[in-house]
Amino acid sequence: MGKLQSKFSIHTTKYRADGSMGEVGPSRAAPQHSPTHSDAVTSVAALKPDLCVSGAGDKSVAVCSWRSGAVLQRFTGHQREVTKVTSAPDSSRVFSASRDKTAMMWELQGTPGPSQRFAAHDLVVTGLAVSPDASQLCTGSRDNTVCKWDTETGQCLRRVITFRNLVTHLCWVPGEPYVIQTSEDKTVRLWDLRQLEVAHTFPAKQHIQTCCDVSPDGRLCLSTSSGTAGEGCEATLWDLRQTRSHVTEYKGHFQTTTSGVFLPWGPALAPSIATASLDSTVKVWDRDTAGR
């Protein structure tokens, strides 16, 4: 991002969930900005209504304004590729995870270096979730461990090893002391952060679970699956309430579904989710009917 380089197109192509395309008439293309990073971007997260944070293979974390395209702040300190970034709502703290086996905390408007470093993993850190008040951090790794941290002191409060639990993603449940976790062992786990113990394990899927998200009301969880040639590649909706059961699946991608998120909704919008895949598509689904 940086200098604005706007481009215009005569027509906009609309991508439908079934993979077909349709022309929707004259439209202005999205503004194009100069690159924020010098290497592949690996993770991006919302920071504030007009700000986002990203991490990349260039080992840096950047805070950008999507309105102006400006890089407002850049943090450096990781020794290898940044794998995940996140932030608590309305917080002045940004968190990142890396292939250098650490997670770091950065202060907005602070120095370019980290204000806290979290080191207890033996392999790449692949999961990162922060509590709503930014006082606690949860990290997960390919070393089969999940750790709970005090962000003020940097102290590891608890470290748990689970056999074959190669963590792929972590997501905090809004308003609850719980974290959802996906794994290469094809399961989705619900962790109780008070004692850092598994409160529930959902039935194993047929493929690696690549990512997870939790609805804003904390009632539902979404996980995504690896796959190829249309086998697997789905997203799965789970109930986090008493039944903690499978709700529905969203099938239509032809390669690994890399991520899925709950989209904002209100009186004029039906509850929807979006999924992204290695098949080069993003699909939007009706959350309750799995319709596209």
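Numbers given for residues are sequential positions, taken from 1 along each chain in its written order. For this predicted model, a pLDDT threshold of at least 70 governs which residues receive local features, and a threshold of 80 or more governs which side-chain atom pairs are given and counted, while totals over whole chains, interfaces and linings are taken from all residues. Where side-chain values are given, they derive from all heavy atoms of the structure, hydrogens and water being excluded.

Labelled according to an unreviewed UniProt entry, the protein chain appears under the name WDR31 protein, originating from Probosciger aterrimus.

Caption draft 1: How the structure looks around unusual backbone geometry. For lysine 101, which is not glycine, the phi torsion reads 80 degrees and is therefore positive. Looking at the secondary structure, you find lysine 101 in the loop between strand E10 (93–98) and strand E11 (102–107). Here the phi dihedral of arginine 164 falls at roughly 65 degrees; this positive angle occurs in a residue that is not glycine. Under the scheme used here, helices are H or I runs from DSSP no shorter than 4 residues and strands are E runs no shorter than 2 residues, and both carry numbers assigned from the N terminus. Locating arginine 164 in the fold gives a position in the loop between strand E16 (156–161) and strand E17 (167–172). The buried label goes to any residue with under 20% of its type's maximum accessible area, the exposed label to any with over 50%, and the partly exposed label to all in between, with areas taken from a 1.4 Å probe on protein chains only. Residue classification places arginine 164 among the exposed positions, given a relative accessible area of 52%.

Caption draft 2: Looking closely at the pattern of salt bridges. What counts as a salt bridge is simple: a side-chain nitrogen of Lys or Arg found within 4 Å of a carboxyl oxygen of Asp or Glu. Tallied over the entire structure, the rule returns 13 salt bridges. Of the charged contacts in the structure, one is a salt bridge between glutamate 107 and arginine 93, with a shortest N-O distance of 3.2 Å. Within this pair, whereas glutamate 107 is found in strand E11, its partner arginine 93 is found in strand E10, the two being separated by 14 residues in sequence. Given the relative accessible area of 23%, glutamate 107 is considered partly exposed. Take arginine 93: its relative accessible area is 14%, and that puts it in the buried class. For arginine 241, the salt bridge goes to aspartate 239, with nearest N and O atoms at 3.0 Å. When salt bridges that share partners are traced, they join Lys205, Glu234, Glu249 and Lys251 into one network.

Caption draft 3: Structural detail: the packing of aromatic side chains. Only Phe, Tyr and Trp rings are paired, with Trp represented by its six-membered ring, and only when their centres lie within 6.5 Å; those with planes under 30 degrees apart are stacked, over 60 edge-to-face, the remainder tilted. A full pass over the atoms with the stated rule returns four aromatic pairs. An angle of 25 degrees between the planes, with centres 5.2 Å apart, marks the rings of phenylalanine 75 and tryptophan 106 as stacked. Of this pair, phenylalanine 75 sits in strand E8 (residues 71–76) while tryptophan 106 sits in strand E11, placing them 31 residues apart in sequence. You'll find phenylalanine 75 and tryptophan 106 in the same group, each marked buried. Look at phenylalanine 118 and tryptophan 149: their rings are 5.3 Å apart centre to centre, the planes differ by 65 degrees, and that puts the pair in the edge-to-face class. You can see phenylalanine 118 sitting in strand E12 (residues 116–119) and its partner tryptophan 149 sitting in strand E15 (residues 145–150), a full 31 residues away along the chain. Assessed through its relative accessible area of 2%, tryptophan 149 is described here as buried.

Caption draft 4: The state of the cysteines, seen in detail. Cysteine sulfur pairs qualify as disulfides if the two atoms are within 2.5 Å. Within the structure shown, the criterion is met by zero disulfides. With no disulfide of its own, cysteine 156 lies 4.2 Å from the sulfur of cysteine 147, the closest cysteine sulfur. Residue class for cysteine 156 comes out partly exposed when judged on its relative accessible area of 27%.

Caption draft 5: Seen up close, the environment of aspartate 122. Along the chain, aspartate 122 turns up in the loop between E12 and strand E13 (125–130). Residue aspartate 122 is classed as partly exposed on the basis of its relative accessible area of 49%. The sequence separation of aspartate 122 and aspartate 143 amounts to 21 residues, and the corresponding C-alpha distance is 6.0 Å.

Caption draft 6: Spatial organisation of the sheet that holds strand E21 (residues 209–214). Strand pairing is assigned whenever DSSP detects at least two bridges linking the two strands. Read across the open sheet, the four strands follow the order E21-E22-E25-E26; overall the sheet is antiparallel. On the outer flanks of this sheet lie E21 and strand E26 (246–250), each paired with one strand and no other. Here the strands of the sheet are splayed against their neighbours by 20 degrees on average, with no regard to which way each runs. In this structure, strand E22 (residues 220–225) lies alongside strand E25 (residues 235–239), joined through five bridges in antiparallel fashion. Lines fitted to the C-alpha atoms define the axes, with helices restricted to the stretch that makes contact. Angles between their N-to-C directions range from 0 to 180 degrees.

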